[in-house]
Amino acid sequence: AQTVTQSQPEMSVQEAETVTLSCTYDTSENNYYLFWYKQPPSRQMILVIRQEAYKQQNATENRFSVNFQKAAKSFSLKISDSQLGDTAMYFCAFMKQAGGTSYGKLTFGQGTILTVHP
Amino acid sequence: GAVVSQHPSRVICKSGTSVKIECRSLDFQATTMFWYRQFPKQSLMLMATSNEGSKATYEQGVEKDKFLINHASLTLSTLTVTSAHPEDSSFYICSAKRGTEKLFFGSGTQLSVL
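Please read all numbers here as calculations on a predicted model, not as lab measurements.

Criteria and cut-off values
Residues numbered from 1 in each chain as written. Chains lettered and ligands numbered in written order. Predicted model: local features only at pLDDT ≥ 70, side-chain atom pairs only at ≥ 80, totals over all residues. Heavy atoms only, no water. Disulfide = S-S within 2.5 Å. Helix = DSSP H or I, 4+ residues; strand = E, 2+ residues; numbered from the N terminus. Buried < 20%, exposed > 50% of the residue type's maximum accessible area, 1.4 Å probe, protein only. Phe/Tyr/Trp six-rings, centres within 6.5 Å; stacked < 30°, edge-to-face > 60°. Core = buried A, V, L, I, M, F, W, Y, C linked by side-chain atoms within 4.5 Å. Contact = heavy atoms within 4.5 Å. Pairing = 2+ DSSP bridges. Axes fitted to C-alpha atoms, helices over the stretch in contact; angles between N-to-C directions.

**Things to note about the state of the cysteines**
Residues and elements named next belong to chain A.
- This model, assessed by the stated rule, comprises two disulfides over all chains.
- Each sulfur of the disulfide joining Cys-23 and Cys-92 lies 2.0 Å from the other. When the S-S torsion is -70°, as for the bridge of Cys-23 with Cys-92, the disulfide is left-handed. Of this pair, Cys-23 sits in the loop between strand E3 (19–21) and strand E4 (24–26) while Cys-92 sits in strand E10 (residues 88–96), placing them 69 residues apart in sequence. Take Cys-23 and Cys-92: they sit in the same class, and that class is buried.

**A closer look at the packing of aromatic side chains**
- Counted according to the given criterion, the structure contains 14 aromatic pairs over all chains.
- When the ring of A:Tyr37 is compared with that of A:Phe108, the centres are 6.0 Å apart and the planes differ by 55°; the resulting orientation is tilted. With a gap of 71 residues between them, A:Tyr37 in strand E5 (residues 32–39) and A:Phe108 in strand E11 (residues 107–108) connect regions that are remote in the sequence.
- Ring centres 6.0 Å apart and planes at 80° place the aromatic pair A:Phe91 and A:Phe108 in the edge-to-face group. Highlighted residues: A:Phe91 in strand E10 and A:Phe108 in strand E11, separated in sequence by 17 residues. For the pair A:Phe91 and A:Phe108, a shared accessibility class is recorded, and that class is buried.
- Among the aromatic side chains, those forming a connected cluster through ring pairs are A:Tyr33, A:Phe35, A:Tyr37, A:Phe91, A:Phe108, B:Tyr36 and B:Phe105.

**Comments concerning the nonpolar core**
- By size, the foremost hydrophobic cluster in this structure holds 25 residues, and its most contacted members are A:Tyr25, A:Trp36, A:Phe75, A:Leu77 and A:Tyr90.
- Taken together, the elements giving at least two residues each to this core come down to E3, E5, strand E6 (46–52), strand E8 (64–69), strand E9 (74–79), E10 and strand E12 (112–117) of chain A.
- The leading source of residues in this core is E10(A), at four residues.
- In this view, A:Tyr25 contacts A:Thr3, A:Val4, A:Tyr32, A:Leu34, A:Phe68, A:Gln69, A:Lys70, A:Lys73, A:Ser74, A:Phe75 and A:Phe94; residues no more than four positions away in its chain are not counted.
- In this structure, B:Val4, B:Ala84, B:Tyr92 and B:Cys94 belong to the second largest nonpolar core, which totals 23 residues.

**Here we look at the sheet that holds strand E1 (residues 4–7) of chain B**
Residues and elements named next belong to chain B.
- Across the sheet, four strands lie side by side as E1-E3-E8-E7; this open sheet has antiparallel pairing. What marks the edges here is a single partner per strand, and that holds for E1 and strand E7 (67–73). Neighbour-to-neighbour, the strand axes of the sheet open up by a mean angle of 15°, direction not taken into account.
- Examined bridge by bridge, E1 and strand E3 (residues 19–25) share four bridges and lie antiparallel to one another. Within E3, the position partnered with Val-4 by the bridge is Ser-25.

Here is the structure:
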């Protein structure tokens, strides 16, 4: 079974600054996906970024980037130029890469509540 | 973009009654949908995988007679919480798979059992 651990229950950052959210995971799988999801107060789950484990290059999406360390089983999210709209709960998630028909089962971390202050 | 509609967004019911929650993929066919449960400020826990035309696959510890899942069409999966009790109060959220590697979440349903 897979486990995902987010050790920071809450984080805060000033607007326009940079913040890094931590995530570690444990798995015996070699092929998998890792995700960061954002859940604002509306509670809609929003995909922030996705990383395929076989790719060495870290994924980036505009102000969001990850530091993927496969050997260390670490997957942190860096948010640059933080904006007030980034205030949300952030979840790290794991998915086995078991063929297209199995795509979709996510194991989530405990979440980190991020507050961006003006 | 793809949209997954979940209804109702909020429901209050009396203890002992059953509640049905719908998850619809509005602009794509979803052969597989997933149901999660989330307690306040906690993680999402996968309850079951809903497969169109076949029985749902439940995660360990989830009572299948309590949480009935029906995926009768390519665009609709339903979760029925039977004989609901206050401990079933929670936020329930579905996700739908489009194609082989796209996943979209519904907006969730807050269930309160009195």
